[in-house]
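# Fold and geometry: a report
Read off the chains here:
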Amino acid sequence: MILHKGEVLFRQGESGPLFHLKSGLLKIVRLHPDGSQYLVNVIVPGETIPHHSLISPKPYFGTAVALSTSEIDVLPAAEWYEELAQDPVRYRTVALLLQDRLSLLQQRFDQLTETSPAEKLSKLAAWFETYIGPAPLTDVLTQEEIGQFVGLRRETVNRLLRKRQPLP
């Protein structure tokens, strides 16, 4: 399946299949009762989601939206869990998937624990560059989302981004 930037893969609270991201990027946003959205995760190629449903089915924690054109394999839930039950060695595969995700989260913690806002933004931009190349971070995330992802106010992100851009 191909999803284009801005298209929704699944919505918070729904249940359904699992997905394997072959290429592209997805964001997971959480909708709050007041209607505001909060960016909680970015899914990169090679990941199988939702992470919290790899061993047992659970409703989707957030809404998955394509940040760029993405190629995704649909993994029917019944098949996934049946194969898992029939082949306990697959639990090792799931453990390795979760281990990889934990490594990515540790990188995020490094970004969040930087002391200066400029360092936080710089680490995030370097991490994203792995997936989007030299394109600006703002091509895939809004300033608000960047701030949510690294624990900064949108105004701070705006100021830092303006400083990073060379003057004409």
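Everything that follows concerns the structure shown earlier in this document.
Residues numbered from 1 in each chain as written. Predicted model: local features only at pLDDT ≥ 70, side-chain atom pairs only at ≥ 80, totals over all residues. Heavy atoms only, no water.

Looking only at helices and strands, the chain features 5 helices and 8 strands. Scanning the chain from its N terminus toward the C terminus, one meets helices and strands in the order β-β-β-β-β-β-β-β-α-α-α-α-α. A compact globule built from 168 residues should have a C-alpha radius of gyration of about 15 Å, and the chain, at 17 Å, falls within 12% of that. By principal-axis analysis of the C-alpha atoms, the chain measures approximately 60 × 30 × 30 Å. Here the chain holds 168 residues, and the buried ones make up 38% of them. A sequence separation of at least 24 residues applies to 68% of the contacts in the chain between residues at least 6 apart. Carbon and sulfur atoms make up 56% of the accessible area of the chain, which totals about 9500 Å². (Helix = DSSP H or I, 4+ residues; strand = E, 2+ residues; numbered from the N terminus. Rg over C-alpha atoms; globule rule 2.2 N^0.38 Å. Buried < 20%, exposed > 50% of the residue type's maximum accessible area, 1.4 Å probe, protein only. Contact = heavy atoms within 4.5 Å. Areas by Shrake-Rupley, 256 points an atom, 1.4 Å probe, with all protein chains shown as cover.)

Next up on the list: the layout of surface pockets. The volume enclosed by the largest pocket comes to roughly 330 Å³. Contributing to the lining of the largest pocket are 17 residues, with Ala125, Pro136, Leu137, Leu161 and Arg164 lying nearest its centre. Of all the secondary-structure elements, those providing two or more residues to the lining of the largest pocket are α3 (117-132) and α5 (154-164). With 5 residues, α3 is the largest single contributor of residues to the lining of the largest pocket. Each residue belonging to the lining of the largest pocket can be placed in one class, and the counts come to 9 nonpolar, 5 polar and 3 charged. In this model, the second largest pocket occupies a volume close to 210 Å³. What lines the second largest pocket is a set of 13 residues, and nearest its centre among them are Ile28, Asn41, His51, His52 and Phe61. Listing elements by their share of the lining of the second largest pocket, those giving two or more residues are β5 (37-43) and α2 (90-112). Looking at the lining of the second largest pocket element by element, the count peaks at 3 residues for β5. Residues belonging to the lining of the second largest pocket are distributed by class as follows: 8 nonpolar, 4 polar and 1 charged. (1 Å grid on protein atoms, 1.4 Å probe; cavity = no way out; pocket = protein on both sides within 12 Å on 5 of 7 lines; lining within 4 Å. Points joined across faces, edges and corners; volume = space filled by probe spheres on them. Nonpolar A, V, L, I, M, F, W, Y, C, P; charged D, E, K, R; others polar.)

In this description, a pair of aromatic rings is defined by centroid distance and the angle of the planes. Enumeration according to the criterion identifies 6 aromatic pairs in this entry. Seen from their ring centres, Phe10 and Phe19 are 5.6 Å apart, and the 20 degrees between their planes marks the pair as stacked. Judged by relative accessible area, which is 5%, Phe19 ranks as buried. With a centroid separation of 6.4 Å and an interplanar angle of 35 degrees, the aromatic rings of Trp127 and Phe149 are classed as tilted. In this pair, Trp127 sits in helix α3 while Phe149 sits in helix α4 (residues 143-150), placing the two residues 22 residues apart along the sequence. The class of Trp127 is buried, set by a relative accessible area of 9%. Residue Phe149 is classed as buried on the basis of its relative accessible area of 1%. An aromatic cluster of at least three residues, connected via ring pairs, comprises Trp127, Phe128, Tyr131 and Phe149. (Phe/Tyr/Trp six-rings, centres within 6.5 Å; stacked < 30°, edge-to-face > 60°.)

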